[in-house]
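Structural features, examined
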Amino acid sequence: MAGLFDLIGGAGSIAAGYDIAKDIRETGAQGAADMSALGQQLAGDAAFKGYGVQTGLGNTTVGADGSTNLGVGQDAGMLALQEQMLGQGQQFGDYAGQAAGNAMMDTGAREQSVYERAMAMQQPGLDAQRAQQQAREYAMGRGGVRGSQFGGTAEDAAMARAQAQAQNQAAFGAMGQAQNEMMNQGALASQFGQLGQGYAGQGMGAFGQSFTPIQQQLNALQVGQGNAGMAQTGQLTGAGYNAQLGLGGLQSQINADMAGSQLYADLFGAGMKSLGGIEAKTGGLFGDIEDFLGLGG
Amino acid sequence: MAQQQQNITIAAPGFQGINTEESPLQQDPSFCLVAENAVLDRYGRVGSRKAFAEFTTAVNVTYAVAPGAVTAEVVTHRLGQGVIGTISYVLATVSIFQFDAANALLQEDYRICRLVTGAGPTYTLDEIPSQPTLTTPAALKDAKILSFKDEIFIFSQGNDVVVFDGTVLTLLSAAAGYLPPQDDTGTLAALLDGNVATAAYGRLWVSGVNSDFNTIYYSDLLIPTQWYDGKAAPTDPANTGGIIDVSEYWPNGSDRIVGLVAHNSALYVFGRNSIIVYNNAASGDPASADGIVLADTISNLGLVSRDAVTNIGSDVLFVDDSGVRSLGRTIQEKSVPIGDLTYNVRRDVTEQIANTNDKKKISLTYWPNEDLTLLLFSEANYGYTIEMRSPSSTGGNKITEWTGCFFERALYYEQAGLSRVVMASNKDAGLLEYDGSTDQSGEAYDFKYESSVLTFGQPANLKFLKQIDYTVVSTGNDSLAYSGWGFTGRLDYTKLLTVNGQSAGLFGISLFGIAQYNSGLTRIKRYRVNTKGSGESIVIGIRASILGNSFSLQEINVQTLLGRLN
């Protein structure tokens, strides 16, 4: 009959053991939970909470997730200046392109245009000269004479030569004019190009300068970063302290729980032994169980 | 008491020619009212002209006989002469008219002929073979024939220029290197189809091209095939041909070119009513700076027709509506009366000109071998001769008149040391020659002389004419003559007399002391004519028939009795 009591004692051991185990587990679970809670708490305490910098330019915030809201954009004036400069640069660039295009054009049409204009200015004078020459010719009695050598008279030929010379001069002048204009256009293209580049440069400069507030704010942020670091250091230190203390407390709790459980187990075990003289082996019932289960070693 | 018979001598009667302008009552008896078929011979006597004798014996032309043609008549129209190489050629344009039995004209043909010398010598007008085809053959009737640069050029209105090189006729436009007037707009005239032309100063000058009688085209220097080239790049860069537009220089506003004459380095452009004178026409290039230039314009004097102008070497004579004018004196003095060669018969001439329907029938020809210029009105078969040796006392030249002028034109030319004047017969006789005393027709022509009205210084006294003695110089055959006299301004009375010609002194025939010896060619004889009648003024004349003889009036003696004052 040892067995029944063994069994009862075993059952009771089991039950007690179960309870103790359960308590231990619960203690552990609780401890875990507490740890977890502590951890979470500490995580919360140690979590980066972000920081902000406020300047005359704006308010920059660094979020807990690290995202940064600079709060300051590019300088609107500079952006506007950039827009203007770039616009003018573009315009001058267009001018330069146009001038370059003009400089690259065939001068023939321009020569013709200049020539025609020059001849249009000269034509009344030439017509007057021709009329005078014809009148003179008729007054001399040479009117109406046309020779193969001259087309008309020698005087007509001389007049024609003079007018042809004038036309040639106008033509050469037109060619020179057209070439000068071409060169001027090239120079203008260069100047416009340079102006355009200048304006573009200014625009780019303005664009660059438009970032000055941002830069300044970033500088301020950097300064704030230090301050925020210090704050975080304090925060983290406090959390550390809290963690330590928490862990200590938790440990104490667990130890207490363990001690209690152990005590209970000891007490229970004693009790059981009392029941049947069941010796509790290391496991007693537990040892039979272990043997039954083949768990003992 | 009976008045003494007076002898009044008229020496060299009429030697100053006809004068119908001054009052006959006050006139110098050296002038006359009529000098018909007369000339002023070398001795200054008024005498009979030479005959229009036969020269060519035949006109050899080929033509298609028209159906129904019964008769054919050849009319010689225009003459021209030129030297090609060393041979002198005379060319003529002829028409062949074919008529039916009713004398209706069936067909006209036109040919260019040349004078051919045959054995004898005999002369014929022979058609030049292979005549070129012309656009308007009828225009040959008024062709202008010129000699230039070893060729003879025939200009006719509306036709290409025909060129004779001594052998054949060709068209100028077919010649190698022919360059018609042109410029960059194109050809101005494909053919030089005008008939107002002259050859002078190394060029041909033509007007009437394309019926434009205000423009003169002149050829290149010594190159008749090359004309004005006004292209910017001429075919021949050395071409100096050209054009002269005279339309803006007519002093009367407008006119048309009728004649072109070169004289004294000038070019005379005759319009119908005005004259333009260009100097320096003989310059290398008329269009050059020292080239042709207008020298003068003369208004209200012009040329009646193209051939009514002649160059006598020292001057240019032309026929204006007012008569025969002298260009030199006209320009020098710039006045109408002076420089008027036909001043003595001015109204007669102007009337004759005005009455001539076809002005082309008026021509003026200088005969240097005869010292005369003939103003011919072939429409009336009538002409005036203008003595060229010296003017009359009035300033006008000495004038006689000719009738029976059945020819269109006259031409003086020299050949083989001989000089002659030939005439283009319009009576189917080819060419006539001014020579001898027998007309080609074989008919006699009359020499006529009528004095001016003679009053012998006493116009109020009656004159009883008793006798007229004619001292006549005659040659050749005996001929009949009619002495005439009158008291009413006409020859109311006539008397026949026989004018003796040459009287040969033959050995054994002529009788010593009886036969009248002479030089054997010319007889000078006084013929006495008893007269009757009376009057205050007397007109004396004589009419002699000329056929194989000549007649000159040396002197007239008038025996008259002066009566009471009437």
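Within any chain, residue numbers begin from 1 and follow the written order of that chain's sequence. Chains carry letters and ligands carry numbers; both start at the beginning, A for chains and 1 for ligands, and go up in the order they are written. Note on the predicted model: pLDDT of at least 70 is required for a residue's local features to be given, and 80 or more for side-chain atom pairs to be given and counted; whole-chain, interface and lining totals, by contrast, use all residues. The side-chain values count all of the structure's non-hydrogen atoms but skip hydrogen atoms and water molecules.

1. Some remarks on the overall build of chain A
Helix and strand labels come from DSSP, where a helix needs a run of H or I of at least four residues and a strand needs a run of E of at least two; each type is numbered from the N terminus. If you tally the helices and strands in chain A, you get six helices and four strands. Along chain A, from the amino end to the carboxyl end, the secondary structure elements read α-β-β-β-α-α-β-α-α-α. We call a residue buried when its accessible area falls under 20% of the maximum for its residue type, exposed when it is over 50%, and partly exposed in between, using a 1.4 Å probe and counting protein chains only. For chain A, with 297 residues in total, the buried portion stands at 26%. Any two residues having at least one pair of non-hydrogen atoms within 4.5 Å are treated as being in contact. Pairs at least 24 apart in sequence give 75% of the contacts found in chain A among residues at least 6 apart. Here the accessible surface of atoms and residues is derived via Shrake-Rupley with a 1.4 Å probe, and residues count as covered only by protein chains that are part of the display. Summing over all exposed atoms, chain A offers an accessible surface of approximately 17,400 Å²; the carbon and sulfur share of this is 58%.

2. Some remarks on the packing of aromatic side chains
All names here are of chain B. Stacked, tilted and edge-to-face are the three classes assigned to paired rings of Phe, Tyr and Trp, where Trp is represented by its six-membered ring and a pair needs centres within 6.5 Å; plane angles under 30 degrees give stacked, over 60 edge-to-face, the rest tilted. Scanning all chains against the criterion turns up 22 aromatic pairs over all chains. Consider the rings of Trp 485 and Tyr 493, whose centres lie 5.5 Å apart with planes at 15°: the pair is stacked. Its relative accessible area of 3% is what places Trp 485 among the buried residues. Among the aromatic residues, those joined into a ring-pair cluster are Phe 52, Trp 367, Trp 402, Phe 407 and Tyr 434. Charge over a ring is defined by NZ of Lys or CZ of Arg lying within 6 Å of the ring centre and within 35 degrees of the ring normal. Against the face of Tyr 445 rests Arg 49, its NZ or CZ located 3.9 Å from the ring centre. Seen from the ring of Phe 213, Arg 256 lies directly overhead, with NZ or CZ sitting 4.0 Å from the centre.

3. Considering the pattern of salt bridges
All names here are of chain B. By definition, a salt bridge exists where a carboxyl oxygen of Asp or Glu is found within 4 Å of a side-chain nitrogen of Lys or Arg. Scanning all chains against the criterion turns up 25 salt bridges over all chains. Residue Arg 78 is joined to Glu 408 by a salt bridge in which the shortest nitrogen-to-oxygen separation is 3.7 Å. A residue pair is termed long-range when its members are at least 10 positions apart, and Arg 78 in strand S7 (residues 71-84) and Glu 408 in strand S33 (residues 407-415) qualify at 330 residues. On the basis of relative accessible area, Glu 408 is assigned to the buried category, the value being 4%. Note that Asp 307 and Arg 306 form a salt bridge whose closest N and O atoms lie 2.9 Å from each other. Its relative accessible area of 8% is what places Arg 306 among the buried residues.

4. Remarks on the packing of helix H2 (residues 76-104) of chain A against helix H4 (residues 154-210) of chain A
Residue and element names in this part refer to chain A. In this analysis, axes come from line fits to C-alpha atoms, helices being fitted only over the stretch in contact, and the angle between any two N-to-C directions falls in the range 0 to 180 degrees. The N-to-C vectors of H2 and H4 enclose an angle of 165°; their axes lie 7 Å apart at closest approach. Taken together, H2 and H4 sit at an angle that is classed as roughly antiparallel. For the element pair H2 and H4, the recorded crossing hand is left-handed. Just so you know the grouping, Ala, Val, Leu, Ile, Met, Phe, Trp, Tyr, Cys and Pro go in nonpolar, Asp, Glu, Lys and Arg go in charged, and all remaining residues, Gly too, go in polar. Residue composition of the contact of H2 with H4, grouped by class: 21 nonpolar, 14 polar and no charged. Orientation categories follow fixed angle ranges, with anything under 35 degrees roughly parallel, anything over 145 roughly antiparallel, 65 to 115 roughly perpendicular, and all other angles oblique. Take the far helix as your reference; a near helix turned counterclockwise from it by less than a right angle gives a left-handed crossing, and one turned clockwise gives a right-handed crossing.

5. Quick word on the sheet that holds strand S4 (residues 145-147) of chain A
The strand order across the open sheet built from five strands is S4(A)-S21(B)-S19(B)-S18(B)-S17(B), with neighbouring strands paired in antiparallel fashion. Edge positions in the open sheet fall to S4 of chain A together with strand S17 (196-200) of chain B, since each of these has one partner strand only. Each adjacent strand pair in this sheet contributes to an overall mean axis angle of 15°, direction not counted. In this analysis, strands are considered paired if DSSP registers two or more bridges between them. Alignment of strand S18 (residues 203-207) of chain B against strand S19 (residues 215-218) of chain B, held across three bridges, turns out to be antiparallel.

6. Quick look at helix H3 (residues 107-140) of chain A
Residue and element names in this part refer to chain A. Take the seven residues that end at a residue and the seven that start at it, fit an axis to each, and the angle between those axes is the bend at that residue. For H3, the principal kink sits at Gln 122 and spans about 45°; a proline, Pro 124, occurs within the next four residues. Burial in H3 covers these residues: Thr 107, Glu 111, Val 114, Ala 118, Met 119, Leu 126, Gln 133 and Glu 137. Residues of H3 that are buried make contact with H4. Positive backbone phi, at 85°, marks Gly 141, one or two positions downstream of H3.

7. Details of unusual backbone geometry
The phi torsion of most residues other than glycine is negative, and most of the peptide bonds are trans. Residue and element names in this part refer to chain B. The omega angle of the peptide bond from Gly 120 to Pro 121 is 10°, so this bond is cis rather than trans. As for its position among the elements, Pro 121 is in the loop between strand S9 (105-118) and strand S10 (122-127). The residue Asn 37 is not glycine, and still its phi comes out positive at about 50°. On the secondary structure map, Asn 37 appears in the loop between strand S2 (32-36) and strand S3 (38-40). For Asp 371, which is not a glycine, the phi torsion comes out positive at approximately 55°. One can find Asp 371 in the loop between strand S29 (362-367) and strand S30 (372-377).

8. Points about the pairing of S10 of chain B
Residues and elements named next belong to chain B. Summarising burial for S10: five of the six residues are buried, a large majority. Note that strand S6 (residues 56-60) and S10 share four bridges and pair parallel. Its bridge partner lying in S10, Val 59 is registered against Leu 125. Bridge count for S9 against S10 is six bridges, and the pairing is antiparallel. Among the inter-strand pairings, Cys 113 is bridged to a residue of S10, identified as Glu 127. Linking two consecutive strands that pair antiparallel, namely S9 and S10, is a turn of three residues; a positive phi of about 135° is found at Gly 120 within it.

9. Structural notes on the environment of Ala 187 of chain A
Examined against the element boundaries, Ala 187 of chain A turns out to sit in helix H4. For the pair Ala 187 of chain A and Ala 103 of chain A, spaced 84 residues apart in the sequence, the C-alpha separation amounts to 8.9 Å.

10. Comments concerning the environment of Gln 202 of chain A
Mapped onto the secondary structure, Gln 202 of chain A falls in helix H4. When the C-alpha atoms of Gln 202 of chain A and Glu 83 of chain A are compared, they prove to be 10.0 Å apart, with 119 residues separating the residues in sequence.

11. So, the confidence of the model for chain B
Residue and element names in this part refer to chain B. The predictor attaches a confidence to each residue, and that confidence, scored 0 to 100, is pLDDT. Per-residue pLDDT for chain B averages 90, and the proportion of residues at 70 or more is 93%. A low-confidence stretch, residues 334-338 stays under pLDDT 50, and its non-local contacts, those more than four residues away or across chains, total nine contacts. Confidence drops under pLDDT 50 across residues 514-520; counting only partners more than four residues distant or on other chains, this segment forms seven contacts.

12. Topic: the interface of chain A and chain B
Contacts between the two partners involve 18 residues from chain A and, on the opposite side, 28 residues from chain B. Summing both sides of the interface, chain A and chain B together bury roughly 1,500 Å²; the carbon and sulfur share of this comes to 45%. On the chain A side of the interface with chain B, the three residues burying the most area are Arg 146, Ser 148 and Gln 149 of chain A, jointly 38% of the side's total. The tally of links between chain A and chain B comes to zero salt bridges. Between N or O atoms, a polar contact is any pair within 3.5 Å; within protein, one atom must be a potential hydrogen donor and the other a potential acceptor, and residues adjacent in sequence are included only when both atoms are from side chains. Viewed at the interface, chain B and chain A are joined by 17 residue pairs in polar contact (both at pLDDT 80 or more). Among the secondary structure elements, those contributing two or more residues to the side of chain A that touches chain B are H3, S4 and H4 of chain A. Residues that form the side of chain A that touches chain B fall into these classes: five nonpolar, nine polar and four charged. Bridging between S4 of chain A and strand S21 (residues 242-245) of chain B involves three bridges; their strand directions are antiparallel. Within the sheet, the bridge partner assigned to Arg 146 of chain A lies in S21 of chain B and is Ile 243 of chain B. The term buried area refers to how much accessible surface (probe radius 1.4 Å) is lost by two components on association, counted for both of them together.

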